[in-house]
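Structural characterization, general
These are the residues of each chain, in order.
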Amino acid sequence: MEFAELIKTPRVDGAVLHRPFQPRVEGTLCLTGHHLILSSRQDNNEELWLLLSNIDVIEKRFIGTLGTITIKCKDLRIIQLDIPGMDECLNIASSIEALSTLDSTTLMYPFFFRPMFEVLEDGWHSFLPEHEFTLLSAMSIDDEVLKKVATFRQGGRFPVLSYYHKKNGMVMMRSAQPLTGTNGRRCKEDERLINATLRAGKRGYIIDTRPLTAAQQARAKGGGFEQEAHYPQWRRIHKSIERYHILQESLIKLVEASNDQSHNMDRWLSKLEASSWLSHIKEILTTACLAAQCIDREGASVLVHGSEGIDSTLQVTSLAHIILDPQSRTINGFEALIEREWLQAGHPFQQRCAQSAYSNSKQKNEAPTFLLFLDCCWQIQHQFPCSFEFNEQFLIVLFEHAYASQFGTFLGNNENERRKLKLQQKTVSLWSWVNRPKELEKYLNPLYEANSLVIWPSVAPQSLQLWEGVFLRWNRSSKYLDEAWDEIIHIIEYNKDLQAKVNALRRQLAELQTEDGELESP
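Values in this document were obtained by computation on a predicted structure and should not be read as measured data. (Residues numbered from 1 in each chain as written. Predicted model: local features only at pLDDT ≥ 70, side-chain atom pairs only at ≥ 80, totals over all residues. Heavy atoms only, no water.)

**Notes on the pattern of salt bridges**
Counted under the stated rule, the structure contains 21 salt bridges. Across the pair R153 and D190 runs a salt bridge whose closest N-O atoms are separated by 2.8 Å. Placement of R153 in the loop between α3 (143-150) and β8 (160-165) and of D190 in helix α4 (residues 188-195) is noted, with a sequence separation of 37 residues between them. Taken individually, R153 and D190 each receive the classification buried, so the pair is uniform in this respect. Taking the shortest distance from any N to any O, the salt bridge between R186 and E191 comes out at 2.8 Å. Bridged by salt links that share partners, the residues E256, D260, R267 and K271 form one connected network. (Salt bridge = Lys/Arg side-chain N within 4 Å of Asp/Glu carboxyl O. Helix = DSSP H or I, 4+ residues; strand = E, 2+ residues; numbered from the N terminus. Buried < 20%, exposed > 50% of the residue type's maximum accessible area, 1.4 Å probe, protein only.)

Structure, rendered in structure tokens:
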């Protein structure tokens, strides 16, 4: 298929762009295979360069011969284009709809993107699983045992080492549900595998992210949970975390509340509460804290699973990792966490992030699982502003690229698909771009001081807040917040310079004292 076949009108003059808190822009609108571009007539600079895969839905209306297209994006912004001529407007709209919903992955922009920057580090080889797992403790389990365990867990997702706590040698594992079924099927190899993580006389905890009723119902379909008789050293805890369409509906309601311009506080707060978004955050953080407490305070190993082990399971293990491990709060450590716990662990990004909050299509595989995880990270970061090397903008960038990107990192639904698509050979990794020194500067937290301690986030209602940097950034001017943050950075840099000068003077004084032992300090 040629993109030209889908572009009915490639160029329109006299188009007008409307965006919140920015002046209207009149210029030439151009449509390519992957971008919507509007160039200003005034200074001939591009005023808009929108990746078509970032478009969630478009709406069109007409007043006489003037057509208006409202574009709602996956990054939650809304823009409006006035296009002269009904035919031109209809052609542009139909072309955008076709190009923004391409069926073939290999037709997406990452396969056509050629970097204009020098690739200093190949992000595809930055976080190889062989290297990552050498950093963790290995268990003495042979391959034959793993093969048998894989047949006992849904999708072959046997218990995998997720985190090793150096303080006491305890581990956290993740897996899919056991296939016990109604007959109470048993797998001694599975029992042996997870028991290998326990110390003598110690017990472990199995955290099931489904409510007990859901886990019991799963038995009728061949799934289920670990039987106490076969796992006597393990205590099973059910912590309900919602998933799939419930989360998608929650996001839709939250974004609707965020876009409410009625300026009625009671109405806005009521909508926010009705979305249940912050309740989902509380559930996830509470479960992650439980897993971390079992490891750090109880001195017990933990196995986390839900049904398939690719959604809520990853949220819990990743957040517990951040709570326990200072390295995961660095940029490099967090990237490694995303790679190991999400990408290599098989979270289906392409399915979950196919649409965002505005799309009218309600596909069962769509869910803001990763966005919720990033929101939880922001909540912890907000409570511990000095303990993270990266800033809020880094989390926002990950959110944006998970839904639409010129990089291939989040394409595909698992490692097998990525290999078949040959992403390493045909696309550029997001990390190759982010980890360039000049780019990294944008994501560094000036308040950061390495904190080697475990951090315990609060889940009290007054401690959890709406992530304004994502959900309100397009609905209000950030001018004064940006100015305040710039001033904070200026003060920090000034203090650093002042401290550097003081240290230099101290060194000079020390040198003088060495040369003349009789010189006294002032």
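**Some words on the sheet that holds strand β12 (residues 302-305)**
Spatially, β8-β9-β12-β10-β11 is the arrangement adopted by the 5 strands of the open sheet, whose pairing is mixed. Pairing within the sheet leaves two strands with one partner each, and these edge strands are β8 and β11 (234-238). Between one strand axis and the next, the sheet turns by 20° as a mean value, whatever way the strands run. Both strand β9 (residues 170-175) and β12 contribute to a ladder of 4 bridges, which runs parallel. If you follow M173 over to β12, its bridge partner there is L303. Those strands touched by helix α9 (residues 312-324) are β8, β9 and β12, and its axis lies near 160° from that of β9. (Pairing = 2+ DSSP bridges. Axes fitted to C-alpha atoms, helices over the stretch in contact; angles between N-to-C directions. Contact = heavy atoms within 4.5 Å.)

**What about the packing of aromatic side chains?**
To describe a pair of aromatic rings, you give the distance between the ring centres and the angle between the ring planes. Counted according to the given criterion, the structure contains 21 aromatic pairs. Geometrically, the ring pair formed by F334 and F390 is tilted, given 4.8 Å between the ring centres and 45° between the ring planes. Within this pair, whereas F334 is found in helix α10 (residues 331-343), its partner F390 is found in the loop between α12 (369-383) and α13 (392-403), the two being separated by 56 residues in sequence. F390 carries the same exposure label as F334, and that label is buried. Among the aromatic residues, ring-to-ring pairing joins F334, W342, F349, F370, F373, F388, F390, F394, F410 and Y443 into one connected group. (Phe/Tyr/Trp six-rings, centres within 6.5 Å; stacked < 30°, edge-to-face > 60°.)

**Comments concerning the packing of helix α8 (residues 277-296) against α12**
Two elements in contact, α8 and α12, have axes whose closest approach is 10 Å; the angle formed by their N-to-C orientations is 75°. With respect to each other, α8 and α12 are oriented roughly perpendicular. Residues W277, L278, H280, I281, I284 and L285 of α8 touch α12, and the partners they reach there are L371, L372, D375, C376, Q379 and I380. Class assignment for the residues of the contact of α8 with α12 results in 9 nonpolar, 2 polar and 1 charged. (Parallel < 35°, antiparallel > 145°, perpendicular 65-115°, else oblique. Nonpolar A, V, L, I, M, F, W, Y, C, P; charged D, E, K, R; others polar.)

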